Amino acid sequence: MATAAEWIEGARPRTLPNAIAPVLAGTGAAASVDGAVWWKAILALLVSLALIVGVNYANDYSDGIRGTDDVRVGPLRLVGSKLASPTAVRTAAVLSLAIGAVAGLVLAVTTAWWLVLIGALCLAGAWFYTGGSKPYGYSGFGEIAVFVFFGLIAVLGTQYVQALRVDWVGLLLAIGVGAFSSAVLVANNLRDIPTDTESGKVTLAVKLGDARTRTLHLVLLAAPFVISLALIARTPWALAGLLALPLAIRANAPVRTGKGGLELIPALRDSGLALLAWSALSALAVGLAG
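Conventions and cut-offs
Residues numbered from 1 in each chain as written. Predicted model: local features only at pLDDT ≥ 70, side-chain atom pairs only at ≥ 80, totals over all residues. Heavy atoms only, no water. Salt bridge = Lys/Arg side-chain N within 4 Å of Asp/Glu carboxyl O. Buried < 20%, exposed > 50% of the residue type's maximum accessible area, 1.4 Å probe, protein only. Phe/Tyr/Trp six-rings, centres within 6.5 Å; stacked < 30°, edge-to-face > 60°. Lys NZ or Arg CZ within 6 Å of the ring centre and 35° of its normal. Helix = DSSP H or I, 4+ residues; strand = E, 2+ residues; numbered from the N terminus. Contact = heavy atoms within 4.5 Å. Axes fitted to C-alpha atoms, helices over the stretch in contact; angles between N-to-C directions. Parallel < 35°, antiparallel > 145°, perpendicular 65-115°, else oblique. Nonpolar A, V, L, I, M, F, W, Y, C, P; charged D, E, K, R; others polar.

J.: Lay out the pattern of salt bridges in plain terms, naming residues and giving numbers.
T.: Counting across every chain of the model gives five salt bridges. Taking the shortest distance from any N to any O, the salt bridge between Arg191 and Asp192 comes out at 2.9 Å. Take Arg191 and Asp192: they sit in the same class, and that class is buried. Because the salt bridges share partners, they merge into one network encompassing Arg250, Arg269 and Asp270.

Dropping the structure here:
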């Protein structure tokens, strides 16, 4: 029987910046066009947090029943470590996704009904990442999905439900958040190349190989800072995003220096912290310019 602490660890709290950052960025983009609505921002945050916890439990369940997590190098997995039954973890995933669905429905009802379709797409993306007979996360599409769902959709969706419009500032912020979020997954999958290869899980890192995956991590971490320069066209205060650069450099250090296994865990943590810092600073800069 898993303890409360183990259930919390199984929810993968290190990934929570991936849920918080797009809401910060989207709210900043909404404020930049004088459209911020704080109660909708809070609901959007609830949707984002519930979805990422749900997808983490869903991955734990799906990978666990497939045996992918039988040999782990990284953080705790509930099913793979036999601390919780597959049914219990699946139930936790469904409950988390249901909370996100209800909060998302409220946003749709108060904004635009077509957002229900976007919500349904997000729920399907969460479950079929590692679930179903042909999970797309096992075919090298995980990073693309993260970029789309936790970058483009999350940021632009947050901006739209508040401001009822999206603009180029929101799009650039969405690209930056998506790049950072994808970098977190790249670091994770780089660490897991040996075990994923053995279990038949063909991630993008497995396809690219060790060296090119390390290069991809660097490119993804660098992209948001190029976007900070582009956002000068909106406000010179967008340069505040560059203050997150030391965190990004620290995040890439274990990748750049050839570390592997458990030594790559700081790269996940610091990539997430760089994401959170860049999003908060950039959101504040463009928001104040509104």
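What follows picks up the thread again.
J.: Explain the packing of aromatic side chains to me, using residue names and the numbers behind them.
T.: Applying the stated criterion across every chain, the model contains six aromatic pairs. Among the aromatic residues, those joined into a cluster by ring pairs are Phe180, Phe225 and Trp278. Its guanidinium or amino end placed over the ring of Phe141, Lys207 lies 5.7 Å from that ring's centre, counting from NZ or CZ.

J.: Mind laying out the environment of Ala31, listing which residues take part and the relevant values?
T.: In this fold, Ala31 is placed in helix H2 (residues 17-32). On a C-alpha basis, the gap between Ala31 and Gly290 in space is 5.8 Å, while along the polypeptide they are 259 residues apart. Leaving out residues up to four positions away in the same chain, Ala31 has contacts with Ala36, Gly287 and Gly290.

J.: Before we move on, could you go through the packing of helix H10 (residues 210-230) against helix H11 (residues 245-256) and cite the residues and values that matter?
T.: Packing of H10 against H11 brings their axes to within 10 Å, and their N-to-C directions diverge by 175 degrees. Taken as axis vectors, H10 and H11 run roughly antiparallel relative to one another. Residue-level inspection shows Arg214, His217, Leu218, Leu221 and Phe225 of H10 in contact with H11, the latter providing Leu245, Ala248, Ala251, Asn252, Pro254 and Val255. Of the residues assigned to the contact of H10 with H11, the class counts are eight nonpolar, two polar and one charged.

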